[in-house]
Amino acid sequence: MCLAIPGKIVTIDDSNEDLKMGKVDFSGIVKDVCLDLVPEANIGDYVIVHVGFALNVLDEEEAIKNITLINEMLNSE
Amino acid sequence: MKFIDEYRDKNLIGIVSEKIHSISTKQISIMEICGGQTHTILKYKLEEFIPSNINLIHGPGCPVCVTPVEYIDRAIELSMKQDVILVSFGDMLRVPGTEKDLLSARANGADVRMVYSPLDSVKIAVDNPEKLIVFFAVGFETTAPANARAVLQAERLGLDNYFILCSHMLVPPAIEFLLSNNNIRLDGLLAAGHVCTVMGLNEYEILSGKYHIPIVAMGFEPLDIMNAIFILIKLIEENKCNVENQYSRTVLKEGNIKAQKIINKVFVKEDREWRGIGTIKDSGLKLRDEYSKYDALLNFVFENKLTKVNGVCIAGEILQGLKKPSQCISFGKECIPEHPLGAPMVSSEGACAAYFRYRRIDNCNIKCKM
Ligand code: SF4
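Keep in mind it's a predicted model, so treat the numbers as computed, not measured.

1. Describing the overall build of chain B
Summing up its helical and strand segments, chain B has 15 helices and eleven strands in all. Seen along its three principal axes, the alpha-carbon backbone of chain B occupies a region of about 65 × 45 × 40 Å. Here chain B, with 370 residues, has 61% of them falling under the buried criterion. In chain B, once contacts between residues fewer than 6 apart in sequence are set aside, the share between residues at least 24 apart is 78%.

Laid out in structure tokens, this is it:
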């Protein structure tokens, strides 16, 4: 129920003033997603999507930092 | 897929596992709040990667599991009305009410439809002006902005055939309930990353300060979970009560302010019953008075039937971390996912269903193999 997965924004549809929508690609499966909660999102950004709503733009730098830190654990033996 | 595959990397999981072993000395119990994370822990058998002195307790964070029977019964009652289309997330269809579930109501002719997004329920209302649409709005803070947005959309479109049956729950009051009432001692908490994505970390700072407990906001992939356990164990071993953010690629300290504003515009807090646990103060959301025309509870007449939970089901104790599913006498016998006696056997995030799927022959204390 609380499942939320990252996907990449491929198009943004601003035509409906009421509701900002976009298409988000989840490894080849493209879905309509509401982008109302992430007004800052751009095409190419990764967003975390839950029940058809993007909850946040994924911070790619933080993701890289996270993995790098874990890799460094190996060397800190 | 990017941002998923690297968080399932076995080598990296192994590295973190070794690190946890190297720093962990104390006999401790930690709780992962969210059922989605319980699911990952069992699916990837993560308990085998942590030392046996760390006891993982599975928390109440499955909205499907804690939705009160009364709401399931009301959803079923509404679905049986001639002019109503009852719309729900798929997870809710098999949750047992007092007598039956929504799926059997549908088999008996009720118009029950499943949607992926709350906005789909608004579309059903637009497409069926002669019908009354009731959306069964359940979930935690993660789902609340989407459900609130659906109500705002119905308002913008001027719909008068759209209603929600609102059973929203809030996670921090439930954590506080466990920390203050539980006879289980918890040494640390792993907070649900997607709830924090919306709400941020401030509420957890308050809880951590009040109950002197370290809390780590955690992601959902196996490496996230191992990494968060490492951070939490380090805090516990160093006797620190900080709030840390493992899921920093998604969680900001302040959360998503726009989402919070939408929730507050549409909903207001109220006391709420958690299935199997009891009533917890200010732990639910209901529609504000301005939106009462969309409230199914206020706009339909209900029969006053007595609700009853199956007597053998010990879901309450399981959701509070007092027992593991395998300690239920019905587990895997009378109660299986095809015939659930209680909600935790229904949802893939329910602890009973996760145990059934991934650890049928249970061994509660898998000893560390390393
Ligand atoms: S196994 Fe079934 S009956 Fe037992 S606690 Fe879980 S849901 Fe309830």
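2. Concerning the pairing of strand 4 (residues 46–50) of chain A
Residues and elements named next belong to chain A. Counting buried positions over the five residues of strand 4 gives five, a clear majority of the element. The alternating pattern of strand 4 places Y46, I48 and H50 on one face and V47 and V49 on the opposite face, and all of these are buried. In this sheet, strand 5 (residues 53–57) lies alongside strand 4 in antiparallel orientation, the contact comprising four bridges. Bridging from a neighbouring strand, H50 pairs with F53 of strand 5. The hairpin turn running from strand 4 into strand 5, its antiparallel successor, is two residues long, and V51 in that turn takes a positive phi close to 35 degrees.

3. A few points about the packing of helix 1 (residues 60–75) of chain A against helix 11 (residues 222–237) of chain B
The geometry of helix 1 of chain A relative to helix 11 of chain B is characterised by a closest axis approach of 12 Å and an angle of 65 degrees between their N-to-C directions. The handedness of the crossing between helix 1 of chain A and helix 11 of chain B comes out as left-handed. For the pair formed by helix 1 of chain A and helix 11 of chain B, the contact residues are N66, I67, I70 and M73 of chain A on the first element and L223, D224, N227 and F230 of chain B on the second. Considering only residue class, the contact of helix 1 of chain A with helix 11 of chain B consists of five nonpolar, two polar and one charged.

4. As for the site of the ligand
For the ligand, the full set of nearby residues is C313, I314, A315, I318, C328, F331, C335, L341, G342, P344, M345 and C352 of chain B. Partitioning the shell around the ligand into residue classes produces eleven nonpolar, one polar and no charged.

5. Section: the packing of aromatic side chains
Ring pairs (aromatic) are described by centroid distance and by the angle formed between their planes. Residue and element names in this part refer to chain B. Under the definition given, this model contains six aromatic pairs over all chains. Ring geometry for F163 versus F300: centroids 5.1 Å apart, planes at 75 degrees, classification edge-to-face. Taken together, the residues F163 in strand 6 (residues 162–169) and F300 in the loop between helix 13 (296–299) and helix 14 (315–319) connect sequence positions 137 residues apart. Like F300, F163 is buried. A centroid spacing of 6.3 Å and a plane angle of 75 degrees characterise the contact between F331 and F356, whose relative ring orientation is edge-to-face. On the criterion of sequence distance, the pair formed by F331 in the loop between helix 14 and helix 15 (351–358) and F356 in helix 15 is long-range, its members being 25 residues apart.

6. A closer look at the sheet that holds strand 11 (residues 278–287) of chain B
Residue and element names in this part refer to chain B. Taken in spatial order, the six strands line up as 4-3-5-6-11-10 in an open sheet, and their pairing is mixed. The open sheet has two edge strands with one neighbour each: strand 4 (112–115) and strand 10 (267–274). Direction aside, the axes of adjacent strands within the sheet are offset by 25 degrees on average. Here helix 4 (residues 69–79) sits on the sheet in contact with strand 3 (84–89), strand 4, strand 5 (132–139), strand 6 and strand 10, set at roughly 165 degrees to strand 6. This element, helix 6 (residues 118–127), spans strand 3, strand 4, strand 5 and strand 6 of the sheet and lies at about 175 degrees to strand 5.

7. Digging into the sheet that holds strand 7 (residues 188–192) of chain B
All names here are of chain B. Pairing within the open sheet is parallel, and its five strands lie in the order 2-1-7-8-9. Each end of this open sheet is capped by a strand with a single partner; those strands are strand 2 (54–61) and strand 9 (243–245). In this sheet, adjacent strand axes meet at a mean angle of 20 degrees when their direction is disregarded. As judged from the four bridges shared by strand 7 and strand 8 (residues 215–218), these two strands associate in the parallel manner. Note on strand 8: the bridge partner recorded for A191 is A217. Together, strand 1 (28–34), strand 2, strand 7 and strand 8 form the strand contacts of helix 2 (residues 35–43), whose direction differs from that of strand 1 by roughly 120 degrees.

8. Thoughts on the confidence of the model for chain A
Residues at a pLDDT of 70 or more form 95% of chain A, whose mean pLDDT is 89. Averaged pLDDT values over the elements of chain A bottom out at 85 in helix 1 of chain A and peak at 96 in strand 5 of chain A.

9. What about the interface of chain A and chain B?
Listed as interface residues are 41 residues of chain A and, on the opposing side, 47 residues of chain B. Buried surface at the junction of chain A and chain B, both sides included, amounts to about 3,800 Å², of which 65% is carbon and sulfur. Across the pair D36 of chain A and R149 of chain B runs a salt bridge, and its minimum N-O distance is 2.4 Å. Taken together, the elements giving at least two residues each to the side of chain A that touches chain B come down to strand 1 (5–13), strand 2 (21–26), strand 3 (29–34), strand 4, strand 5 and helix 1 of chain A. The greatest single-element share of the side of chain A that touches chain B, amounting to nine residues, is contributed by helix 1 of chain A. Along the lines of polarity and charge, the residues of the side of chain A that touches chain B split into 25 nonpolar, eight polar and eight charged.

Definitions and limits used
Residues numbered from 1 in each chain as written. Chains lettered and ligands numbered in written order. Predicted model: local features only at pLDDT ≥ 70, side-chain atom pairs only at ≥ 80, totals over all residues. Heavy atoms only, no water. Helix = DSSP H or I, 4+ residues; strand = E, 2+ residues; numbered from the N terminus. Buried < 20%, exposed > 50% of the residue type's maximum accessible area, 1.4 Å probe, protein only. Contact = heavy atoms within 4.5 Å. Pairing = 2+ DSSP bridges. Axes fitted to C-alpha atoms, helices over the stretch in contact; angles between N-to-C directions. Left-handed = near helix turned anticlockwise from the far one by under 90°. Nonpolar A, V, L, I, M, F, W, Y, C, P; charged D, E, K, R; others polar. Near = heavy atom within 4 Å. Phe/Tyr/Trp six-rings, centres within 6.5 Å; stacked < 30°, edge-to-face > 60°. pLDDT = per-residue confidence, 0-100. Buried area = accessible area lost by both parts, 1.4 Å probe. Salt bridge = Lys/Arg side-chain N within 4 Å of Asp/Glu carboxyl O.

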